[in-house]
Amino acid sequence: MALLPFLVVALLYEIIPLIMVIMNSFQSDAGTGITLENYQTIAEKLLYQKAIFNSIRISLISSLGGIVVAFLGAKAIAESKGKIANLFMTILNMVSNFAGVPLAFAYMVLLGNAGFMVHVGQKLGISALADFNLYTSDGMSMIYIYFQIPLATLLLVPAFAGIRKEWKEAVALLGGKEGLFWRKVGIPVLMPEILGTFSVLFANALAAYATVYALMMNNISLLPIQIAGSYVGEVKTRPGLGGALSVVMMVLMCLMILLTNRMSRHFQKGGNPS
Amino acid sequence: MAYIEMKQIVKKYGTTSVLKQINLDIEKGQLVTLLGPSGCGKSTLLRCLSGLEEVTSGKIFLDGQDITELEPRKREIGMVFQQYSLFPNMTVAQNVAFGLKLKKKSEGEIREKVKNILEIVGLSQQADRYPTQISGGQQQRAALARAIITEPKVLLLDEPLSAIDALLRRSLQNEIRRIQQELNITAVFVTHDQSEAMVMSDMIHLLYQGQIEQSAPPAEMYLHPKTRFAASFIGNYNIYTDVQFHQMTGLKLDREMLVFRPEAVMFCDPGRTEMNSYTMKGTIKSEIAHGNVLRYTVDVNGVPVNVDTLFQGEERYEKGQECYLKIAEKDCISY
Amino acid sequence: MKKKTKATTFLMVLIMAYLLLPLVVTIVYSLFQKWTDIVPEQFSLGSYVIILQDKEFLLCIVRTLAACVIPIGITVCIILLAMFVTTVYFPSLDKYVQIICMIPYTIQGVILSVSILSAYIRAGSFLGNRLVMLFGAYSVIIMPYIYQGIKNGMSAINVKVLTEAAEMLGAARMYAFFRIIVPNILSSIVVSALLAVGIIFGDYVLVRNLTGTSFQNMQIYLYQTMKSDSTKASAVFVIIMLITCLITAVTLYLKNKEREK
């Protein structure tokens, strides 16, 4: 009936491609039927191991950094009412659209080899800035953290609506300071949302392509670059390998989701009142 | 043949029976109430009549026609829901006109009818307002107008006043009853509030656990509840087991329970015995004014008895005071 | 209390500064010809003049925006139809519709682009057409947002009661859904459609992998320009940011208007 168009589109552009990717991963690029050789290649070749390791590393770092900043930012928004909070939210919304090629470009202007901050660092003698190399995995984590912050903050803001001021008042009356409240009550209560946001951040970072490509093209060892590289490019396409790499990426995302789910269940005593 | 006949209605959700063999007749032009506690099935029965729920088995006849298999929109039945049923994107006037528009009536006719009905329900000033701009009571009046403007055969009301505050509820009860009688509409009203049912109905059907406990006009149901449940639900009956009765009067009861109304038991002079009455001696435990009724709770040998008198303000008993009560046998009902 | 407000304000300002820094620096970069020292030199709007007169660039903008319209239209229609069926006839299917709509969250970007590519590159004329693949991909990546928007809109109004009331007044179910429910969730649909515009506008990976450089959207244009002329690229950047900010501003405005109601 009326479900048909929806199912057709979903099937064509979501389900079938997904299935094919998984199937491809088990097919040899040389064309000889079902095989695990793609996975073997990944496990053996240093290039792919590095790519996976780098991707996980940068995703974890940026997600952690992003969520810490986002927590503080969302808390700040929740605790103030005025114009500044509104402005902050507006800027967060604006900047969340910033990711991809434009972001890479802006960072090149800012922290590239001839970048503004680099000049400042050279002039003022701050070696951290002067010697900053954007074009490494570590340099790029700056950019990753940058685009994680708005996303994470916007996701966490609604969660703070669930912190009742009565809890804070109870802790204060019982003699506790604010830091104690957050350590013992606030953060544990918010853990499900924090963990959920963390897993979204992780997936976001793991799959980031445009920003990285704009800076480094294919010259960096990260998972999304390798995946795209096996399908598109000058060299012969290797859909089998690309499929296997894609499966690895999806598995990593799912693992993170399962992990955060499991952890958050630990914090959800007696179910969610929401 | 009654105007509405519901025969052998059974409604099951999976293996749970919500309605068990309901048989119900409704006469034309009457306002009947389906009364009962939550979960008794009254709303389900109403929704079966409307067609929004399908019966598992049984038949429904309206004006001689079998409507059991008919879709809701073909049954010519109007319905007022508990709340939030007005379309938020339309004004009051547009909401009310909706049903007529669907029937493809002419612009002029629609305008005329909307004007009239809004006057009847007292919303002429609010015609161009949106539902979010009017109060809960006004919303329900608009919902009422919308439901009756198409002149349906039956009007169903599913706890329409439950979300309205108490003071407003009384005047809306009167208004609904007035409109129903003026326009001579057959109406079926669902509520859990027994005083509401008493005030509005020509006939009350008391439901409990999916079955009809008793069907009677309000006065009859109040004075002669047929089952224990009815006695506990209607009014404020004093309810006693045979053990308690023995404690109070020293007499033996050959039934399990005995009930009587708090206004039927009276204070009397000591030492007087009357024919066909039970007399008891007790002590005043408490005295609470419920509006115009003064309720005493009297301790009779360890058993509490509620005694209601009109609050005249003159002679009042005091806490701890000794007193004598009498209740006519005919005012007692035993099960 | 005072101290706390100061601290929170300071924190927010700090984060805002961090977020705005690259933006501001690049804007400044686009407005000056020379910037080798701390202070830029030679203020000029020359770059802007050049690109705004570049037909290719203007075509790019149009192309990018046009690419938003079709997928959004498709997705809104199909999800509305699907949710019509699940709300009115089969509520139990809603779970599956939700799962299907949420999957793109995880397979976004790279994986979706390459999987669609490998699936249809050798297919016949219609499915193998690059633009068709692109629009199909876009329709899928915006599904979570459109679905969520429609869902949120529907939970704000009491769908069940409204549909039943319309039914009792004589309306058929489809009439009730499209004439009563949809108008009431229109603002939610518009907000999520704008979100989708933002996403499609900012997409690079799908366009590049599916159409190579044959379909030049704004992001590809920026990428190509930044390899050659960075001053010009920064002007392009600013224009992109302006358009994106405009979209965001309109979205926020509509969201707030909705909340006031």
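Residue indices begin from 1 for each chain and proceed along its sequence in written order. Whichever chain is written first is A, and whichever ligand is written first is 1; the rest continue in order. Local features in this predicted model are restricted to residues of pLDDT 70 or higher, and side-chain atom pairs are both shown and tallied only at a pLDDT of 80 or more, whereas totals for entire chains, interfaces and linings draw on every residue.

Caption draft 1: Here's a closer look at the overall build of chain A. Strands here mean DSSP runs of E at least two residues long; helices mean DSSP runs of H or I at least four residues long; both are numbered from the N terminus. On a plain count of helices and strands, chain A comes out with 13 helices and zero strands. Overall, the C-alpha framework of chain A stretches about 75 × 65 × 40 Å when taken along its three principal axes. For the exposure call, what matters is how many other C-beta atoms sit within 10 Å of a residue's own: 20 or more marks it buried, 12 or fewer exposed, and in between partly exposed, using C-beta atoms placed from the backbone. Counting over 274 residues, chain A shows a buried share of 45%. Sequence separation of 24 or more characterises 70% of the internal contacts of chain A that already satisfy a separation of 6 or more. For every residue pair, C-beta atoms are placed from the backbone, and the pair is scored as a contact if these atoms sit within 7 Å.

Caption draft 2: Just the interface of chain C and chain A, in detail. Taken together, the contact between chain C and chain A spans 62 residues of the former and 61 residues of the latter. Listed by contribution, the elements that provide at least two residues to the side of chain C that touches chain A are α1 (2–31), α3 (55–88), α4 (94–106), α5 (110–120), α6 (130–141), α10 (205–211), α11 (218–228) and α12 (230–260) of chain C. Class assignment of the residues belonging to the side of chain C that touches chain A gives a composition of 43 nonpolar, 18 polar and one charged. Each residue is assigned to one class: nonpolar for Ala, Val, Leu, Ile, Met, Phe, Trp, Tyr, Cys and Pro, charged for Asp, Glu, Lys and Arg, and polar for all the others, Gly among them.

Caption draft 3: Region of interest: the packing of helix α5 (residues 101–111) of chain A against α11 of chain C. Between N-to-C directions, angles span 0 to 180 degrees; the directions come from axes that are lines fitted to C-alpha atoms, helices contributing only their stretch in contact. The contact between α5 of chain A and α11 of chain C brings their axes to 9 Å, and the two run at 25°. One element, α5 of chain A, and the other, α11 of chain C, form an angle in the roughly parallel class. Considering how the two elements wind past one another, α5 of chain A and α11 of chain C form a crossing that is left-handed. Residues V101, P102 and F105 of chain A of α5 of chain A touch α11 of chain C, and the partners they reach there are Q219, L222, Y223 and M226 of chain C. Class assignment of the residues belonging to the contact of α5 of chain A with α11 of chain C gives a composition of six nonpolar, one polar and no charged. Oblique is the label for any angle not covered by the other classes, which are roughly parallel (under 35 degrees), roughly antiparallel (over 145) and roughly perpendicular (65 to 115). The handedness criterion is simple: a crossing whose near helix is rotated anticlockwise from the far helix by less than a right angle is left-handed, and one whose near helix is rotated clockwise is right-handed.

Caption draft 4: Quick peek at the environment of G122 of chain B. Residues and elements named next belong to chain B. With respect to the secondary-structure elements, G122 resides in the loop between α3 (107–121) and α4 (136–148). For G122, a count of 14 C-beta atoms within 10 Å translates into the label partly exposed. Counting along the chain gives 53 residues from G122 to E175, while the straight-line C-alpha distance between them is 9.8 Å.

Caption draft 5: Fine view of the arrangement of the chains. If you rank the two pairs of chains in contact by how many contacts each has, first place goes to chains A and C. Regarding chain A and chain B, the two do not touch, and the least distance separating their C-alpha atoms is 20 Å.

Caption draft 6: View of the pairing of strand β9 (residues 203–208) of chain B. All names here are of chain B. Among the six residues in β9, five count as buried, and that is most of the element. Two elements, strand β3 (residues 31–35) and β9, share four bridges in a ladder whose sense is parallel. For L34, the partnering residue across the bridge sits in β9 and is H205. Strands pair, by our definition, only if DSSP identifies at least two bridges between them. Relative to strand β10 (residues 211–216), β9 runs antiparallel, the two being bridged by five bridges. In the sheet register, I204 faces β10, and the bridge partner there is A216. Hairpin connection, β9 to β10: the antiparallel pair is bridged by two residues, and Q209 has positive phi, about 50°.

Caption draft 7: Quick peek at the domain arrangement of chain B. Residue and element names in this part refer to chain B. Domain parsing of chain B yields domain 1 (4–233) and domain 2 (238–334). Across the contact, five residues belong to domain 1 and four residues belong to domain 2. Among the residues forming the side of domain 1 that touches domain 2, the class breakdown is two nonpolar, two polar and one charged. Either an automatic procedure or a domain database provided the assignment from which the domain bounds are taken.

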